[in-house]
Amino acid sequence: MSAKGGSIDAVIVQRLATEIKELCTAGIQVGLVIGGGNIVRGAEKASAGLDRVTGDQMGMLATIINALAMQDALEQQGIQVRVMSAIKINQVCEDYIRRRAVRHLEKGRVVIFAAGTGNPFFTTDSAASLRAIEINAELMIKATKVKGVYSADPEKVKDALFYPRLTYDEALDQRLNVMDTTALVLCRDNNMPMRVMNIFEPGAIMQLMRGSDIGSLIERGNG
């Protein structure tokens, strides 16, 4: 979201596109799940009286708008991109088909997964977990605006405890609000490691790919 009041901050989109290009140049396969909260949040609309299903459908369409913006920014960087939507809107982008998505990744294309899971009542977090599992990703990155996982909101609680590593069960038991419960359980049950990190730190993603211990790592426990 633009600090100037617009729904999309072109400067941030371009910076992220530059960093994603760096990943692609290094031979890393990249899939993106983009939310739509900068345009509309279905749950918030529902709390204001709008039908929840309608609100969530509006949110899905918002993610497609953001996905197209990121697609354009990446293409300007010379990167091949495919936007794949969980709802049918094939005059704008492709329908999501798992095997086709994997093939795009194998060909070095960035795949942007839009429209969440295609169902109401599921968050973008759940969509990210689902897609990461479906494409057999090695790591899911939760891009956020703080360093990683804390015991409380670090912007509100100054002495909040930072967790460099924890298990999914710990995150669930302590209700750390890393992601919604459905997303966490999906990752736990399918042994999908997750790294929570600050997306607003320039170069952090490539540092992570090079082995730096950035953010918080959440993995399945040994039990």
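The model shown is predicted, which means the values in this text are computed figures rather than measured ones.

> So, the pairing of strand E2 (residues 81-85): which residues are in play, and what are the values?
Where burial is concerned, most of E2 is hidden: 4 out of the 5 residues are buried. Both E2 and strand E4 (residues 110-114) contribute to a ladder of 5 bridges, which runs parallel. Looking at the pairing, Val81 lines up with Val110 of E4. Pairing analysis gives 2 bridges linking E2 to strand E3 (residues 94-95), with the strands arranged parallel. Along E3, the bridge assignment pairs Ser85 with Asp95.

> Kindly report on the environment of Ile34, identifying the contributing residues and their values.
Mapped onto the elements, Ile34 comes out in the loop between strand E1 (31-33) and helix H2 (42-47). Judged by its relative accessible area of 18%, Ile34 is buried. The sequence separation of Ile34 and Ala69 amounts to 35 residues, and the corresponding C-alpha distance is 11 Å. Not counting the four nearest positions on each side in its chain, Ile34 is found in contact with Thr63, Asn66, Ala67, Met70, Ile112, Phe113 and Thr124.

The rules we used
Residues numbered from 1 in each chain as written. Predicted model: local features only at pLDDT ≥ 70, side-chain atom pairs only at ≥ 80, totals over all residues. Heavy atoms only, no water. Buried < 20%, exposed > 50% of the residue type's maximum accessible area, 1.4 Å probe, protein only. Helix = DSSP H or I, 4+ residues; strand = E, 2+ residues; numbered from the N terminus. Pairing = 2+ DSSP bridges. Contact = heavy atoms within 4.5 Å.

Without other data, these values stay purely geometric and don't point to any function.
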